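For reference, the chains in residue letters:
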Amino acid sequence: MQTKNKTRQDKTIPHLYPKDCRRRPDAFDEPPQKRRNLRIWESYRNFAANKEKGGRPEGSFPEEAAQKDNKTAMTIAVFGNWYKRSTLEEVAHVLDFMESRGVEVLLAQELRDEMNLREKYAPYSSDTKKYVDFALSIGGDGTFLYTASMIGERSIPILGINCGRLGFLADVQTSEVDFVLDQLVQNNYTIEQRQQLMVTPSYGGHIEHPFALNEVAVLKQELSSMIGVEASVNGELLNYYKADGLVISTPTGSTAYNLSAGGPLMMPQTKSLILTPIATHAMNVRPIVIPDDWSINLRVKSRSHSYLLSVDGRSYAMKEDVTLHIEKAPYTVKLVQIGNNSFIKSLKDKLAWGM
Ligand code: NAP
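Only a predicted model underlies this, so the values are computations on that prediction, with no experimental measurement involved. Residue numbers here run from 1 along each chain, matching the order of that chain's written sequence. Whole-chain, interface and lining totals are the exception, using all residues; otherwise, since this is a predicted model, local features are given only for residues with pLDDT of at least 70 and side-chain atom pairs are given and counted only at 80 or more.

With respect to the overall build of the protein
Rule in force here: Each helix is a run of DSSP H or I of at least 4 residues and each strand a run of E of at least 2, with the numbering of both proceeding from the N terminus. Counting other C-beta atoms within 10 Å of its own, a residue is labelled buried from 20 upward, exposed at 12 or fewer, and partly exposed in the gap between, with every C-beta atom placed from the backbone. By definition, residue pairs are in contact when their C-beta atoms, positioned from the backbone, come within 7 Å.
Counting secondary structure elements, the protein contains eight helices and 20 strands. Looking at the 355 residues of the protein, the share that counts as buried comes to 39%. Long-range contacts, defined as pairs at least 24 residues apart, comprise 67% of the intrachain contacts of the protein with a sequence gap of at least 6.

As structure tokens, then:
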């Protein structure tokens, strides 16, 4: 905790960002340890150099890189909101911390570019991701969603550090970072699994990452007139919503778009989904909760003959004749939990319940 305060007191030193991210000599009380596990990075560099010279055929990152110098050394992938200066300062602090603990770091491409760290850190990529033990997401809940989409089906546990506004997913405050990272490298943590949704468009629709930790939503596009959404659950017609849109939310997403549209809050462990219409015209239509192993089919009618599909905020324009099949995803997102943070505490703090 002390080291963190020391780093933060002097914000005026032009350290770490953006062109020179070398560690400040006074950033830590203890002398920097030599990095113990450089083989992934060395191996990646040789691999990349050989590839450039044409000396090695196209292929995957060499397997021998996985042989770590020190069996206890961890590899952590760091993601962050690269267009916010305050977040980059937090990223720089975390990188210094990891270096001092001998943790191998793979850095998200955008951070490597923005912080001019291409020489120092190997990128998180399809070649290197198999070596990662944990991911850190530094930013807000939006950054956490992005990190989860980058991690994908590998389901690497993610720890979210909050530099955003609310922080339900990224619930570690910057004042707690040193303590929490210390616990992580000592393997003092628990893992919480969060269910995701998977959306499959019918023929004619394509989406790159069809998995949603928060929600899948269909929204009106272009015209101001309402859309009609025919929603069936488990093969039975549930409703024909006339509204601005329909949100299918997970319990995790219940504090996001679903909440703004008037849907209920749900404990993240609840095995349910919520269908919440956005600004529905019918007064007697209300959000409804269904079991999370039920499938949902949506057919959208629109005056413009098109609509918007939103998957955790990633938008795709769809033609009216594309129908959507939504179901539980085959893999979960794993959240690293350290310390006393709980969902109930987040609700009380962030929704200002005044207790
Ligand atoms: P954005 O439009 O830039 O930000 C959306 C806001 O939602 C941010 O303040 C974000 O928090 C917050 N948020 C995201 N997930 C949350 C969660 N699980 N619980 C509580 N708040 C959450 O978009 P973005 O940052 O890429 O996030 C995409 C998400 O935005 C979507 O999944 C959807 O839920 C939400 N959204 C909400 C509305 C609305 O409420 N009217 C409209 C469109 C989209 P941070 O500031 O901490 O990042």
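Details of the sheet that holds strand S9 (residues 211–212)
Backbone hydrogen bonds are what pair the strands of a sheet, in a parallel or an antiparallel way. Using the following cut-off: Should DSSP find at least two bridges between two strands, the strands are regarded as paired.
Strand order in the open sheet formed by six strands is S9-S8-S19-S16-S11-S12, with antiparallel pairing between adjacent strands. Each edge of the open sheet carries a strand with a single partner, namely S9 and strand S12 (236–243). By the bridge criterion, two bridges tie strand S8 (residues 197–201) to S9 in an arrangement that is antiparallel. In the sheet register, Leu197 faces S9, and the bridge partner there is Ala212.

Looking at the nonpolar core
For soluble globular proteins, the rule of thumb is that nonpolar side chains tend to be buried together. Defined as follows: Put simply, a nonpolar core is buried Ala, Val, Leu, Ile, Met, Phe, Trp, Tyr and Cys residues tied into one set by C-beta atoms within 7 Å. By convention here, the domain bounds are inherited from an automatic or database domain assignment.
Grouped together as the largest cluster of nonpolar side chains are 83 residues, with contacts concentrated most on Val78, Val94, Ile158 and Leu246. Looking at this core element by element, the count peaks at seven residues for helix H3 (residues 85–100). Lining this core are residues from two domains, each supplying at least three of them: domain 1 (2–194) and domain 2 (197–330). Once you skip the residues sitting within four places of it in the chain, Val78 turns out to touch Val91, Val94, Leu95, Val105, Leu107, Ala108, Leu111, Leu136 and Ile138.

A look at the site of the ligand
Where we set the bar: We call a residue near a molecule or strand if the C-beta atom, set from the backbone, is within 6 Å of it. Residues are sorted three ways: Asp, Glu, Lys and Arg are charged, Ala, Val, Leu, Ile, Met, Phe, Trp, Tyr, Cys and Pro are nonpolar, and all the rest, Gly among them, are polar.
What surrounds the ligand is a group of 20 residues, the closest being Gly140, Gly142, Gly164, Ala256 and Gly313. Contributions of two or more residues to the shell around the ligand are made by helix H5 (141–151) and helix H7 (257–260). Take the shell around the ligand: its biggest share by element is three residues, from H5. In terms of residue class, the shell around the ligand is built from six nonpolar, 10 polar and four charged. Counting contributing residues, the shell around the ligand receives three or more from each of domain 1 (2–194) and domain 2 (197–330).

Comments concerning the sheet that holds strand S13 (residues 245–249)
To keep it simple, the criterion reads: The axes are straight lines fitted to the C-alpha atoms, using for helices just the contacting stretch, and the angles between their N-to-C directions are given from 0 to 180°.
Pairing in this open sheet of six strands is antiparallel, and the strands run S15-S14-S13-S10-S17-S18 from one edge to the other. Each edge of the open sheet carries a strand with a single partner, namely strand S15 (288–291) and strand S18 (314–319). Taking the axes of each pair of neighbouring strands and ignoring which way they run, one obtains an average angle of 20° across the sheet. Sheet topology places S13 next to strand S14 (residues 272–278); five bridges connect them, and they run antiparallel. Looking across to S14, one finds that Ile248 is bridged to Leu275.

Considering unusual backbone geometry
If a residue is not glycine, its phi is most likely negative; likewise, a peptide bond is most likely trans. Backbone geometry places Ser155, a non-glycine residue, at a positive phi of 50°. Considering the arrangement of structural elements, one finds Ser155 in the loop between H5 and strand S5 (158–162).

Structural notes on the confidence of the model for the protein
Put simply, the rule is: Confidence of the predictor at the level of single residues is captured by pLDDT, which takes values from 0 to 100.
Taken as a whole, the protein shows an average pLDDT of 83; of its residues, 80% reach a score of 70 or greater. Confidence over residues 1–37 falls short of pLDDT 50; this stretch has 51 contacts with residues more than four positions distant or in other chains. For residues 55–72, every residue scores under 50 in pLDDT, and the model assigns this stretch 27 contacts once sequence neighbours within four places are set aside.

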